[in-house]
Structure formats: C-alpha cells, structure tokens
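Chain by chain, the residues:
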Amino acid sequence: MADHDVTDEEALRAAISQAHEAERAGEVPVGAVIVHNGKIIAAGQNRVIRDSDPTAHAEVVALRNAGRALANYRLEACTLYATLEPCAMCAGAMLHARIARLVYAVSDPKAGACGSALSVMNHPLLNHRVQVEPGLLADECGSLLTTFFRARRRTNTSQPARIQPDEPEDAPMATRKWSAKVDTDETHPDHGLFLEDAESIANALATPKVSPKGPASGMRMLNFYINRAGKNLPEERIKELEKAKTILSGIIADQKLAARKTAAKKSTKAAAKKVPVKKAKKTAKKTSST
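Helix and strand counts for the protein chain come out as 7 helices and 5 strands. In sequence order, the protein chain lays out its α and β elements as α-β-β-α-β-α-β-β-α-α-α-α. Expressed as a percentage of its 290 residues, the buried residues of the protein chain come to 46%. For the protein chain, contacts bridging at least 24 residues in sequence account for 60% of all contacts bridging at least 6. When the accessible area of the protein chain is evaluated, it comes to approximately 15300 Å², of which 55% is carbon and sulfur surface.

Structural data, given as structure tokens:
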C-alpha cells in the first residue's frame, strides 16, 4: 500500500491492473478497488467464468473483500473505483453497502446503471445518495475493452460476461447509440465531449459532423444526456451543461435568423427578375398592335 493518500488516478490505475489480470485469466477485463481513509483496502476483478458465479463482477468481489477488511457490511466513507460503469446488480450492491463515492472510467450504454442504460444509482425513490464521477481514464479503459472484444470476435469465441458490443470492429467504445428504444435521430458524441467546457460542447453539437441533421438534433442529444446522466454528475458539471444549452440555443436562433434573411433575399431577387419580364411582354404587345 502507498504511504500517502492515493489519488483518484492512482486508485483507478490499480483497478486497471485488476482488469488486466482478469483478461489474462480469460475474463472480460473489468477491475475495481475500494479506498478507505486514503488507502486501498480491497480489490476485485471479474471472476464469473473462473468461479462459475454470475454475481462475481469486479465491483461485487471488491465489496466482499472490503466488508471483510473492515469487518462491516456497511462501507460508509469508502470510494469505489471501477474501470467500467457498474451494472444494475453492482449499483444495487453499492447502495446497500452505503458506498459514499463512485469513480468509474468508461460508460456502458448496454448495461450501465448510472444513467447510461438504467438509472439505478441515485434513483429518486432510494434513500442513499452516492457521489458519482465518470470519465476518469475513459479512453484507456475503453480501449482495453474494445481490444478485448475485437480479439474475441476474431477467434469466434463466446462472450459470456458483462457486456457484448455489436458495433463494427473499429468502433470506439463510447460512440454507440444512446438506446434502441429512444429516438434521438443520432448516435451520441464521444462521452468525453460532455466533460468539456460549455462553449466547446455547444460548438461541437452545432457541427454537421456531430449533428448531421442540424444543431436542433444536437440540442436533443444534450437534453437526453442531461436527463439520463445529469442526476449522477457533480453540480458544477450540471451547471456547465445547462450553460452549454443556453449557448447552443443562441446558435440555433442565429442560424434560424440567417436562414430567414437568406430566404428573404432570394425572394426579393426572384421578384426583381419577374418585373422586367412582364414589362418586356407589355412592350412587345404594344409594338405588335401598332
């Protein structure tokens, strides 16, 4: 253990080490560690295949080990670090354990229960609240999972655990459909975009690359993200996202105004072209009558 209080990045890198160990054992590479009073007191990695145990996700294994380390089923004042957004089972276990804080790397649109697929964590009807902080080392952990599943597809082996992405081989981990049941007309942008400042978020969502159908679809994506993940984000991040909405609304209004001005100019030009034609016809009629 470290002599100093571990930082968030150090703790998550310890979880990544657990994920690599799971991968070497043939498991889906997901790892987790739990920190109490600045020290890592427990670690876990996916063990569903080795233990023939559908509940042996990395987070659950870490929770069991932490409970034994503290001799208590309540893990108050503990932070859990995970390489992947927890599923419904793991989120429920964390709530029962009274985990104070959750830091995870990459979102899981297929099974994530912190707002991506489900909103188990911090559900308004539940009596415990967890401080949730996503996105730390997301690219590194996303690449780990993407590489793992790519290798699985190439060897045509089964994918028995955790998540089963069905994207094209080179699709990055965080660029999937929000949900098959939600009509947003778009694929959502890389989750990292929503961690940027308000102006960067708004400007990106207004571009054809991110929102091919126009900035209005970008606004739908932003609203959808806030509704699905906002309740699990720090207040400062929510304020930044709301600020992005205001900026994006201004961009949409400016584009609409510019479109109206362009349409008015075209209409004026078209009308101007018709007038000489009518006068020419009248002149031609007078000449023929004389």
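Taken as a whole, the protein chain shows an average pLDDT of 82; of its residues, 79% reach a score of 70 or greater. Low pLDDT, under 50, characterises residues 157-187; the predicted model gives this stretch 85 contacts beyond four residues in sequence or across chains.

This part takes up the environment of A15. Relative to the elements of secondary structure, A15 occurs in helix α1 (residues 8-24). The spacing of A15 and L84 is 69 residues in sequence and 9.9 Å in space, taken between C-alpha atoms. Setting aside residues up to four positions removed in sequence, A15 forms contacts with G31, A32, V33, Y81 and T83.

With that settled, the discussion passes to a positive patch on the surface. Taken together, the side chains of K261, K265, K269 and K273 define a basic patch exposed on the protein surface. Position of K273 among the secondary structure elements: in helix α7 (residues 235-289).

Take the environment of A77 next. With respect to the helices and strands, A77 occurs in the loop between α2 (58-70) and β3 (78-84). For the pair A77 and I99, spaced 22 residues apart in sequence, the C-alpha separation works out to 6.7 Å. Setting aside its immediate chain neighbours within four residues, A77 contacts V35, H36 and A100.

Conventions we followed
- Residues numbered from 1 in each chain as written.
- Predicted model: local features only at pLDDT ≥ 70, side-chain atom pairs only at ≥ 80, totals over all residues.
- Heavy atoms only, no water.
- Helix = DSSP H or I, 4+ residues; strand = E, 2+ residues; numbered from the N terminus.
- Buried < 20%, exposed > 50% of the residue type's maximum accessible area, 1.4 Å probe, protein only.
- Contact = heavy atoms within 4.5 Å.
- Areas by Shrake-Rupley, 256 points an atom, 1.4 Å probe, with all protein chains shown as cover.
- pLDDT = per-residue confidence, 0-100.
- Patch = residues over 30% accessible without salt bridge, like charges linked within 9 Å, V, L, I, M, F, W, Y side chains within 5 Å.
- Salt bridge = Lys/Arg side-chain N within 4 Å of Asp/Glu carboxyl O.
- Lys, Arg positive; Asp, Glu negative; His and termini not counted.
- Charge placed at Lys NZ, Arg CZ, Asp CG, Glu CD.

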